[in-house]
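# Analysis of the macromolecular model
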Amino acid sequence: MTRARAFALTLGGRSKAAIVAATALIGGGLGFGFAHLMDGSIEYWGVVSGPFFLTLRVAIPATVIAGVTGIAAGYVLAKERFPGRDVLETLGSLPIILPPTVIGFYLLEVLSPGTRVGGIVTRVVGHALVYNVAGCIIAASVAAFPFCMRAARSAIEGVDPKVEQAARAMGLSNSRVALRVTLPLARRGIAAGITIGCARALGEYGATLMVGGDINGKTRTLSLAILDSFTTPERNTMILILVLMAVTAMTGVGLLGWSRT
Amino acid sequence: MTSALDVNVTRRIGEFDLDVAFAVDSGIAVLFGPSGAGKSLTLALIAGLVRPDTGTIAINGRVVSDTDRNVHVTTQGRRIGMVFQDGVLLPHRSALDNVALAVRQTTGRKERRAIARAWLERVGAEKFADRRPSSLSGGQRQRVALARGLAGEPALVLLDEPLSALDSAVRRELRNVIREVIVGSGVPAVLVTHDAEEAEDLGDVVIAYSDGRVIARRSIERPARTEPRHERPPSGELP
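Residues numbered from 1 in each chain as written. Chains lettered and ligands numbered in written order. Predicted model: local features only at pLDDT ≥ 70, side-chain atom pairs only at ≥ 80, totals over all residues.

## Structural notes on the overall build of chain B
From N to C terminus, chain B includes 6 helices and 11 strands. Against the 2.2 N^0.38 benchmark of 18 Å for 239 residues, chain B shows a C-alpha radius of gyration of 17 Å, consistent with a compact globule. Viewed in the frame of its principal axes, chain B has a C-alpha envelope of about 45 × 40 × 35 Å. The buried share of chain B, reckoned over its 239 residues, is 46%. Partitioning the contacts of chain B with sequence separation of at least 6, the portion at a separation of at least 24 is 70%. (Helix = DSSP H or I, 4+ residues; strand = E, 2+ residues; numbered from the N terminus. Rg over C-alpha atoms; globule rule 2.2 N^0.38 Å. Buried ≥ 20, exposed ≤ 12 C-beta atoms within 10 Å, placed from the backbone. Contact = placed C-beta atoms within 7 Å.)

Right under this line is the structure:
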């Protein structure tokens, strides 16, 4: 079976509709973008390639960090009962609830060398974690985290506890039950959460603006570059950016399909 | 002589009160009674999936639960094998992998798979070793589950209504397989059923339950075994 066919077969009705809609939007974006490229805006590649590769440099490690910590937090929330569990879940979900700029403000409080906590963090790490790539990665990780955590929790809770009991009766330790039974069985839900988290990290704007500072050539990611392009006469730059984002989104969708098969 | 299993526990869940005491030696002990009598709860207590309110449980003389001394050995530490009603195989693993995972981890991967394959052969399931549980029939899944329950060299194997989800023809055939393989392995077993015929066919001793109490106990005399141990189950079309 080809990957495309396996992908198509594993998609449910609603997912299919979503994919069709997404593909139409992406296709439209690509067509529009390429039309303008042919019109002479290819010279802007140099302008947008920096933000594009910076976005990947930020989003990939941010997705890994949010994925690993989100799965761990989701596992604890799904499996453990302890005082303050609901508080912990609410705190973990705050980046969804609060405006990104508020998240950025709190991150600045924690990371900026000028604050009490930030000063300690800076001394421990050895360098500042704001207005550089590290700050952008932290902001994108925080934005992506709740999606990974909530999807992992839900997927782990959906695993039949009898299968885990059977594994324990086979003598598997709790950590081996988690790694060889629970997480593999929850992998589709977890993968969906990581995909959404990755998309969130790719498109992160508000917190990245505050923690990264929108420094051209240093912390200006695609999302920031789009807004910047509106204030310049070269609006075609934005079109090329849209194309690059569309390609990135398609890759994300492709990864989602791969994980489902 | 030390019993294979010694149970003397109480446990209350809502309005239901379980208060049972019995000992089991070698062979298959059947816990028999109507649904809701507390048979499966007893099995969960023996497996360590549920803690007793009071009392003790000992497997081969080793105390695994003792509420007075605050002893509660985890399910993993009890060295038990379990066979559930609907198999409960790991759906993302092949039949062979399911059994191999239960083989003691002190052995190498290759050896574990060889041991698992031998167990699948013993229960007549070698033909579908590489298949996933979703592609197996109910009877085939229970054969694999039985192999998995025994592959870890357990001190005791627990079977929770292993045949109740199967049709009558498959049930009859699997009764023979279960009895042959468990008795052949020499591992003591506790089997739960509400089917009187099944209790008679499978048990060396039948412990009757009613409303959370043991109300009767009867040993079943069987002719001495003449066939060799670890005999292969009958070949032919498998259920």
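Next comes the rest of the description.
## As for the overall build of chain A
When helices and strands are counted, chain A shows 13 helices and 0 strands. Going residue by residue from the N terminus, the α and β elements of chain A occur as α-α-α-α-α-α-α-α-α-α-α-α-α. Long-range pairs, those at least 24 residues apart, make up 78% of the contacts in chain A with a sequence separation of at least 6.

## Regarding helix α8 (residues 161–169) of chain A
All buried positions along α8 of chain A are accounted for by Glu 164, Ala 166, Ala 167, Arg 168 and Ala 169 of chain A. Check the buried side of α8 of chain A and you find it contacts α9 (174–185) of chain A together with α1 (39–47) and β7 (80–83) of chain B. Looking one or two residues beyond α8 of chain A, the residue adopting positive phi is Gly 171 of chain A, at roughly 95°.

## Some remarks on the packing of helix α5 (residues 100–111) of chain A against helix α7 (residues 133–157) of chain A
Residues and elements named next belong to chain A. The interhelical angle for the contact between α5 and α7, taken along N-to-C directions, is 130°, at an axis separation of 11 Å. Classified by the angle between their axes, α5 and α7 sit oblique to one another. In this structure, α5 crosses over α7, and the sense of that crossing is right-handed. Facing Pro 100, Ile 103, Gly 104, Leu 107 and Leu 111 of α5, the residues of α7 in contact are Gly 135, Ile 138, Ala 139, Val 142 and Ala 143. The residue inventory of the contact of α5 with α7, partitioned by class, reads 8 nonpolar, 2 polar and no charged. (Axes fitted to C-alpha atoms, helices over the stretch in contact; angles between N-to-C directions. Parallel < 35°, antiparallel > 145°, perpendicular 65-115°, else oblique. Left-handed = near helix turned anticlockwise from the far one by under 90°. Nonpolar A, V, L, I, M, F, W, Y, C, P; charged D, E, K, R; others polar.)

## Examining unusual backbone geometry
All names here are of chain B. Within the chain, Glu 153 stands out as a residue other than glycine whose phi angle is a positive 50°. With respect to the helices and strands, Glu 153 occurs in the loop between α4 (138–151) and β8 (156–160). A positive phi angle is found at Glu 161, which is not glycine, with a value near 45°. If you trace the backbone, Glu 161 turns up in the loop between β8 and α5 (168–185). Taking the number of C-beta atoms within 10 Å as the measure of exposure, Glu 161 has 20 and is therefore buried.

## What to know about the sheet that holds strand β6 (residues 71–72) of chain B
All names here are of chain B. Taken together, 5 strands build an open sheet; the order of strands is β2-β1-β4-β5-β6 and the sheet is antiparallel. Each having just a single partner strand, β2 (16–24) and β6 make up the two edges of the open sheet. Note that strand β4 (residues 54–59) and strand β5 (residues 62–66) share 4 bridges and pair antiparallel. Bridge pairing in β5 links Thr 56 to Asp 66. (Pairing = 2+ DSSP bridges.)

## Some details on the environment of Arg 235 of chain A
Residue and element names in this part refer to chain A. Considering the arrangement of structural elements, one finds Arg 235 in the loop between α12 (222–230) and α13 (236–260). Note on Arg 235: 12 C-beta atoms within 10 Å, which makes it exposed. When sequence neighbours within four positions are dropped, the list of residues in contact with Arg 235 reads Ser 229 and Phe 230.

## So, the nonpolar core
Counting 126 residues, the largest nonpolar core has Val 99, Leu 120 and Val 190 of chain B as the members making the most contacts within it. For this core, the element with the highest residue contribution is α7 of chain A, accounting for 16 residues. (Core = buried A, V, L, I, M, F, W, Y, C linked by C-beta atoms within 7 Å.)

## Overview of the pairing of strand β10 (residues 205–210) of chain B
Residues and elements named next belong to chain B. Two elements, strand β3 (residues 28–32) and β10, share 4 bridges in a ladder whose sense is parallel. Looking at β10, one finds that Phe 32 is bridged to Ala 208. The pairing of β10 with strand β11 (residues 213–219) spans 6 bridges and is antiparallel. Within β11, the position partnered with Ala 208 by the bridge is Ala 216. If you look at the hairpin formed by β10 and β11, you'll find 2 residues sitting between the two strands, and Asp 211 has a positive phi there, around 50°.

## Digging into the confidence of the model for chain B
All names here are of chain B. The predicted model of chain B averages 89 in pLDDT, with 92% of residues at 70 or higher. Scored below 50 in pLDDT, residues 226–239 makes 19 contacts in the model with residues more than four places away or belonging to other chains. Interface confidence for the predicted complex, expressed as ipTM, amounts to 0.76; the pTM equals 0.76. (pLDDT = per-residue confidence, 0-100.)

## Description of the sheet that holds β3 of chain B
All names here are of chain B. Spatially, the 6 strands line up as an open sheet ordered β7-β8-β9-β3-β10-β11, and their pairing is mixed. On the outer flanks of this sheet lie β7 and β11, each paired with one strand and no other. Taken over all neighbouring pairs, the strand axes of this sheet differ in orientation by 20° on average, direction set aside.

## Some thoughts on the pairing of strand β1 (residues 5–13) of chain B
Residue and element names in this part refer to chain B. Examined bridge by bridge, β1 and β2 share 9 bridges and lie antiparallel to one another. Opposite Asp 6, over in β2, you have Ala 23 as the bridge partner. Taking the residues between adjacent antiparallel strands as the criterion, β1 and β2 are bridged by 2 residues, where Gly 14 takes a positive phi near 65°. Taken together, the 6 bridges between β1 and β4 define a ladder with antiparallel strand orientation.

## Points about the interface of chain B and chain A
Taken together, the contact between chain B and chain A spans 16 residues of the former and 14 residues of the latter. The element best represented in the side of chain B that touches chain A is β7 of chain B, accounting for 3 residues. Tallied by class, the residues present in the side of chain B that touches chain A amount to 10 nonpolar, 5 polar and 1 charged.

## Overview of the packing of α5 of chain A against helix α6 (residues 116–125) of chain A
Residues and elements named next belong to chain A. Where α5 contacts α6, the two axes come as close as 5 Å, and the packing angle between them is 60°. Taken as axis vectors, α5 and α6 run oblique relative to one another. On α6, the residues touching Glu 109, Val 110 and Leu 111 of α5 are Val 117, Gly 118 and Val 121. Across the contact of α5 with α6, the residue classes break down as 4 nonpolar, 1 polar and 1 charged.

## Some thoughts on the environment of Asp 214 of chain A
Residues and elements named next belong to chain A. Turning to its location among the elements, Asp 214 is positioned in the loop between α11 (206–212) and α12. Along the sequence, Asp 214 and Leu 129 sit 85 residues apart, while their C-alpha atoms lie 14 Å from each other. Those residues in contact with Asp 214 that lie beyond four places of it in its chain are Leu 209, Thr 219, Arg 220 and Leu 224.

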